[in-house]
Amino acid sequence: EADIYQTPRYLVIGTGKKITLECSQTMGHDKMYWYQQDPGMELHLIHYSYGVNSTEKGDLSSESTVSRIRTEHFPLTLESARPSHTSQYLCASSENRERETQYFGPGTRLLVL
Amino acid sequence: DAKTTQPTSMDCAEGRAANLPCNHSTISGNEYVYWYRQIHSQGPQYIIHGLKNNETNEMASLIITEDRKSSTLILPHATLRDTAVYYCIVRVASLVKTSYDKVIFGPGTSLSVIP
């Protein structure tokens, strides 16, 4: 069982608010990822990190930002939420070696009104 | 990374084996076949992966054809809790430490286990 956690699980918030989605893993994994998934649709990578103080954009453009100050923690921030940000956000992590498996958190469902 | 094709949906009777096919005809020699599943409203869950030999773990078996152009995930005794979307992915892990492992999730197969 993977030890990767996301909070909150559900969030309903008004337009213009600043939000931070938390992701933590206790496996000591170097690599962490954020995916975005709309209902019934495919997952798209929006951010990744290969270690502390590293962050990169993924395949799908996103207005969110991320930080990686500690190995176990990879929060995602939206400075000003909009209805177009409504989606499910999934965090994942993997070891930094060949053929490693990505382990996913339970996800955060965000609804921006 | 090679693309995969899977049936959109499948049904399976509870207690029977569920066989989920995946075609990956453009797979290259160093690409692994991975299977994940996603139960409604949850994050994807890793199931199994393999390169060219058949693999088995406590969740499932993976059968890869000799030419590696296709594979089948087998859930030996499907239960209602196996109802989920199953993703077949082929990927090669980046050997560059500062790069990410490009895992492309397609639409997958929606498996419904029927009582």
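Rules of the game
Residues numbered from 1 in each chain as written. Chains lettered and ligands numbered in written order. Predicted model: local features only at pLDDT ≥ 70, side-chain atom pairs only at ≥ 80, totals over all residues. Heavy atoms only, no water. Helix = DSSP H or I, 4+ residues; strand = E, 2+ residues; numbered from the N terminus. Areas by Shrake-Rupley, 256 points an atom, 1.4 Å probe, with all protein chains shown as cover. Buried < 20%, exposed > 50% of the residue type's maximum accessible area, 1.4 Å probe, protein only. Pairing = 2+ DSSP bridges. 1 Å grid on protein atoms, 1.4 Å probe; cavity = no way out; pocket = protein on both sides within 12 Å on 5 of 7 lines; lining within 4 Å. Points joined across faces, edges and corners; volume = space filled by probe spheres on them. Disulfide = S-S within 2.5 Å. Contact = heavy atoms within 4.5 Å.

Q: Help me understand the overall build of chain B, please; the structure alone is not making it clear to me.
A: Looking only at helices and strands, chain B features zero helices and nine strands. As presented, chain B carries roughly 5,900 Å² of accessible surface, and 52% of it is formed by carbon and sulfur atoms.

Q: Would you mind going over the pairing of strand β9 (residues 109–114) of chain B with me for this structure?
A: The two faces of the sheet receive side chains in turn, since in a regular strand these alternate between them. All names here are of chain B. Here β9 shows one buried face, formed by T109, L111 and V113, and one open face, formed by S110, S112 and I114. Here strand β1 (residues 9–13) pairs with β9 via five bridges, running parallel. By the bridge assignment for β9, C12 is matched with V113. Direction of pairing for strand β8 (residues 84–91) relative to β9: antiparallel, over a ladder of three bridges. Opposite Y86, over in β9, you have T109 as the bridge partner.

Q: Explain the layout of surface pockets here, please?
A: With a probe scaled to a water molecule rolled over the atoms, the places where space remains empty come into view. Estimated volume of the second largest pocket: approximately 360 Å³. If you go around the second largest pocket, you meet 20 residues; those closest to its centre are Q37 and G40 of chain A together with Q38, V85 and Y87 of chain B. When contributions to the lining of the second largest pocket are tallied by element, the ones reaching two or more residues are β8 and β9 of chain B. For the lining of the second largest pocket, the element with the highest residue contribution is β8 of chain B, accounting for three residues.

Q: Looking at this model, I keep getting lost on the state of the cysteines. Mind explaining?
A: Here, the word disulfide means a covalent bond between the sulfur atoms of two cysteines. Residues and elements named next belong to chain A. Inspection of every chain in the model, using the stated rule, returns two disulfides over all chains. The disulfide bridge from C23 ends at C91, spanning 1.9 Å between sulfur atoms. Looking down the S-S bond of the C23 and C91 bridge, the torsion is -75°, so its handedness is left-handed. Of this pair, C23 sits in strand β3 (residues 19–25) while C91 sits in strand β9 (residues 87–94); the two residues are 68 residues apart in sequence, bridging distant segments of the chain. Per residue, the accessibility class of C23 equals that of C91, and both read buried.

Q: Quick question: what am I supposed to make of the side chain of H73 of chain A here?
A: Residues and elements named next belong to chain A. By the element assignment, H73 lies in the loop between β7 (65–66) and β8 (76–78). Under the relative-accessibility criterion, H73 is labelled buried at 18%. Excluding anything up to four places from it in sequence, H73 contacts E22, C23, S24, M32, S67 and R68.

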